[in-house]
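# Coordinate inspection notes
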Amino acid sequence: PKHIAFIGLGAMGFPMAKRLCQAGFHLDIVLHRHRQPVEELVGMGATLVDSVATACRNADVIISILPSDKEMAEVLLNADVRGSVRPGTILLEMTSGTPNMMAKVEDVYVDLGCHVLDAPVSGGTIGAANGSLTVMAGGNQEIIDKLSSIFDVLAKQVFTVGQVGDGKAIKAINQMLAGVHMVAASEAIRLAQHLHIDMERLKDVVAASSGASWMFLNKIDTVLARNFEPGFKLDLMKKDIRIALDEGKQIPLPITGLVHELYQLMSSQNGDEDFSVISTLAP
Ligand code: NDP
């Protein structure tokens, strides 16, 4: 595949799109609100087109990485877009959305003769910029293999996780852990400050001990420096934990529920800051 419609040029999509341009793929992109990523990508050879429908008309592959279900529906289920995609096109859907929305999108695109992969990612904006994302791909292995040249540019690991929808589910499970671990790390850091512990020493010890988490080891410096530029917005974390809670309605997930409430408490004031701003919450 050479021609990509790339939809969603945010904290993740923009650096991913840059890598694909640099690797020689031709990208068609659209302007939503922010001009700067569009201008930079056009400078790298991408084509700015007037609508998602136009972008999709020419595409071998459509890549979407949008905030949530709502935008997935607005963009991918739009009547003009549906009218313009060609049979045989591959939709690589990378949003952290719900399995239900993914199933709706799959139904529509399979009816149009397209192939659909459900492929959310982990690894953050740094992983997006240096091509070391983890991809959790639900869908047909043959189609995953067809996109290997794209995954080579974006990802360090591509896991085949099952059917379309399973990618979204596994991403939500990862996010419930990540969201809980961030809150746990915040409390540990707060106690360490209260006890006047040497933070570098603490980091070394925890890294070699049973309390270690990716969040503790990688977010401690951000928390201490109180630098909450996103990164990954608190509102997106809140959305992901909500997905996990909704998928698990019939089973007890008390810690996840409590942690969701904490993110909810900060959402109105701090929703657009990095989710690690949760470390400043003093309920
Ligand atoms: P951002 O909010 O930074 O970016 C979202 C992008 O979608 C923006 O470029 C926005 O354009 C665009 N957009 C929104 N609506 C439309 C539309 N109707 N048509 C075209 N473009 C649209 O989010 P992130 O990049 O951080 O996250 C994207 C997804 O990836 C989310 O599901 C998130 O949970 C997930 N994710 C995020 C990670 C992170 O570290 N940030 C890590 C792993 C997964 P504009 O800005 O112009 O409005």
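In this text the structure is predicted, and so the values were computed from the model without any measurement. (Residues numbered from 1 in each chain as written. Predicted model: local features only at pLDDT ≥ 70, side-chain atom pairs only at ≥ 80, totals over all residues. Heavy atoms only, no water.)

### Overview of the site of the ligand
In the region of the ligand, 26 residues are neighbours, and His32, Arg33, His34, Pro67 and Lys233 sit closest. Contacts to the ligand include Met12, whose backbone N or O atom sits 2.9 Å from an oxygen atom. Listing elements by their share of the shell around the ligand, those giving two or more residues are helix 4 (69-76), helix 7 (124-130) and helix 13 (234-247). When the residues that make up the shell around the ligand are grouped by side-chain class, the tally is ten nonpolar, nine polar and seven charged. Looking at the shell around the ligand, you find at least three residues from each of domain 1 (3-164) and domain 2 (169-280). (Near = heavy atom within 4 Å. Polar contact = N/O pair within 3.5 Å; in protein donor to acceptor, adjacent residues only side chain to side chain. Helix = DSSP H or I, 4+ residues; strand = E, 2+ residues; numbered from the N terminus. Nonpolar A, V, L, I, M, F, W, Y, C, P; charged D, E, K, R; others polar. Domains from an automatic or database assignment.)

### Quick look at the side chain of Ser186
The residue Ser186 is located in helix 10 (residues 166-194) in this model. Its relative accessible area of 6% is what places Ser186 among the buried residues. Apart from the residues within four sequence positions on either side, Ser186 is in contact with Ile278 and Ser279. (Buried < 20%, exposed > 50% of the residue type's maximum accessible area, 1.4 Å probe, protein only. Contact = heavy atoms within 4.5 Å.)

### Things to note about helix 4
By the burial criterion, the buried members of helix 4 are Glu71, Met72, Val75 and Leu76. The buried residues of helix 4 all sit within an arc of 105 degrees when viewed along its axis, so they share a single face. (Arc of directions from axis to C-beta.)

### Side note on the pairing of strand 6 (residues 115-118)
Note that strand 5 (residues 90-93) and strand 6 share four bridges and pair parallel. Residue pairing in the sheet places Glu93 in a bridge with Asp118 of strand 6. (Pairing = 2+ DSSP bridges.)

### A short note on the packing of helix 13 against helix 14 (residues 254-270)
Running from N to C, helix 13 and helix 14 point in directions that differ by 150 degrees, and their axes come no closer than 9 Å. Put simply, helix 13 runs roughly antiparallel to helix 14. Like other packed secondary-structure pairs, helix 13 and helix 14 cross with a definite hand, here left-handed. Each of Leu234, Asp235, Met237, Lys238, Ile241, Arg242 and Leu245 in helix 13 lies in contact with helix 14, whose residues at this interface are Thr256, Gly257, Val259, His260, Tyr263, Gln264, Met266, Ser267 and Asn270. (Axes fitted to C-alpha atoms, helices over the stretch in contact; angles between N-to-C directions. Parallel < 35°, antiparallel > 145°, perpendicular 65-115°, else oblique. Left-handed = near helix turned anticlockwise from the far one by under 90°.)

Nothing here speaks to function; it is all geometry.
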